[in-house]
Amino acid sequence: TLIQFQAEHIELAWNWVHEFPKANIDDYGPRTIEDWTKACCDRVRNEAELFFTVTNDGEPVGIIGVTWPGGRLAVMHGICFTRKVHRKGVAREAMQVLLSQLFAAGVERIEAYSFATNGRVHRFLGKLGFHQEGILRQRTVQDGRRIDVRLNAMLAPVGQQGGGPVKQVNNSIA
């Protein structure tokens, strides 16, 4: 289930991101829990940002962020799940729900950026229907070294472009 990200999930999300630091952290991101808290709160207040906690059997297990100011383009901005639900289908199911809701709301293209060395997320995105569209050379810095970023994108299936808001029921995605 996708629910609105809440303040009590900040520390959990910080810990999940740090389970795989090479997959999630560059030199420009928050360095302390205080900076992380501020960044999460800023995202929740931003009307163009959809920021969700993913729950499994009522327990928070991941976060998904999407920048979507409305219109045809949305950009994934953070997909992170605790190690204990990896390879159990939880992340895939949550992403499928969110992607279908975005397409039904009129989004025609969804982009996802990832470190070029993160093969695990590339395979995951590929299973969801994303395709590699390019490499942004030396786009960010990790551990003081310039690294490439991969651009992945997914287009709405023909006939699935709708219109209207992402449906939220009781503060969760339907």
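The following refers to the structure shown. Note that this is a predicted model, so its numbers are computed, not measured. (Residues numbered from 1 in each chain as written. Predicted model: local features only at pLDDT ≥ 70, side-chain atom pairs only at ≥ 80, totals over all residues. Heavy atoms only, no water.)

## Things to note about the overall build of the protein chain
Of the regular secondary structure elements, the protein chain holds five helices and nine strands. The N-to-C order of helical and strand elements in the protein chain reads β-α-α-α-β-β-β-α-β-α-β-β-β-β. For 174 residues, the compact-globule estimate of 2.2 N^0.38 gives 16 Å, and the C-alpha radius of gyration of the protein chain, at 16 Å, lies within 12% of that figure. Taken over 174 residues, the protein chain has a buried fraction of 44%. Here the analysis covers contacts within the protein chain between residues at least 6 apart in sequence; of these, 62% occur between residues at least 24 apart. Within the structure as shown, the protein chain displays about 9,600 Å² of accessible surface, and the carbon and sulfur contribution to it stands at 49%. The protein chain carries 21 positive and 18 negative side-chain charges, and their two centres are separated by 8 Å. (Helix = DSSP H or I, 4+ residues; strand = E, 2+ residues; numbered from the N terminus. Rg over C-alpha atoms; globule rule 2.2 N^0.38 Å. Buried < 20%, exposed > 50% of the residue type's maximum accessible area, 1.4 Å probe, protein only. Contact = heavy atoms within 4.5 Å. Areas by Shrake-Rupley, 256 points an atom, 1.4 Å probe, with all protein chains shown as cover. Lys, Arg positive; Asp, Glu negative; His and termini not counted. Charge placed at Lys NZ, Arg CZ, Asp CG, Glu CD.)

## Details of the pairing of strand β5 (residues 109-115)
Of all seven residues making up β5, six are buried, and the element is well covered by its neighbours. For strand β4 (residues 73-81) and β5, the ladder comprises four bridges, and the chain directions are parallel. Bridge pairing in β5 links Val75 to Glu111. Note that the unit made of β4, helix α4 (residues 90-104) and β5 has a crossover that is right-handed. As paired elements, β5 and strand β7 (residues 145-155) share seven bridges and run antiparallel to each other. Bridge assignment links Ile110 to a residue of β7, and that residue is Met154. (Pairing = 2+ DSSP bridges. Right-handed = clockwise from strand over helix to strand, strands pointing away.)

## Describing the layout of surface pockets
Its volume calculated, the largest pocket comes out at about 1,600 Å³. Top contributing element to the lining of the largest pocket by residue count: β4, with seven residues. Of the residues that constitute the lining of the largest pocket, the class distribution is 27 nonpolar, 11 polar and nine charged. (1 Å grid on protein atoms, 1.4 Å probe; cavity = no way out; pocket = protein on both sides within 12 Å on 5 of 7 lines; lining within 4 Å. Points joined across faces, edges and corners; volume = space filled by probe spheres on them. Nonpolar A, V, L, I, M, F, W, Y, C, P; charged D, E, K, R; others polar.)

## Considerations on the pairing of strand β2 (residues 49-56)
The side chains of a regular strand alternate, residue by residue, between the two faces of the sheet. Among the eight residues in β2, seven count as buried, and that is most of the element. Bridge count for strand β1 (residues 2-4) against β2 is three bridges, and the pairing is antiparallel. The partner of Gln4 across the bridge, within β2, is Phe52. The sheet contact formed by β2 and strand β3 (residues 59-67) spans eight bridges and is antiparallel. Residue pairing across strands places Asn56 opposite Glu59, the latter belonging to β3. Linking β2 back to β3 in an antiparallel pair, the connection comprises two residues, with Asp57 at a positive phi of about 55°.

## Comments concerning a positive patch on the surface
A cluster of basic residues, Arg83, Arg87, Arg92, Arg120, Arg123 and Lys127, forms a positive patch on the protein surface. Looking at which element gives the most residues to the positive patch, the answer is helix α5 (residues 119-128), with three residues. Along the chain, Arg87 falls in the loop between β4 and α4. Relative accessible area serves as the criterion here: at 78%, Arg87 is assigned to the exposed category. (Patch = residues over 30% accessible without salt bridge, like charges linked within 9 Å, V, L, I, M, F, W, Y side chains within 5 Å. Salt bridge = Lys/Arg side-chain N within 4 Å of Asp/Glu carboxyl O.)

## Describing the nonpolar core
With 31 residues, the main nonpolar core has Ile64, Val66, Met76, Ile110 and Phe130 as its most contacted residues. Breaking this core down by element, the ones donating at least two residues are β2, β3, β4, α4, β5 and α5. Beyond its immediate chain neighbours, meaning those up to four positions away, Ile64 contacts Leu2, Leu50, Phe51, Phe52, Val54, Met76, Gly78, Phe81, Ala94, Met95 and Leu98. Formed by 12 residues, the second largest nonpolar core is a distinct cluster that contains Ala13, Val17, Trp36 and Cys80. (Core = buried A, V, L, I, M, F, W, Y, C linked by side-chain atoms within 4.5 Å.)

## Comments concerning the side chain of Asn152
Take Asn152: it is sitting in strand β7. Polar contacts involving the side chain of Asn152 include one to the side chain of Arg150, which spans 2.8 Å. Contact partners of Asn152, with chain neighbours within four places excluded, come to Ile110, Glu111, Ala112, Ser114, His122, Leu125, Phe130, His131, Gln132 and Glu133. (Polar contact = N/O pair within 3.5 Å; in protein donor to acceptor, adjacent residues only side chain to side chain.)

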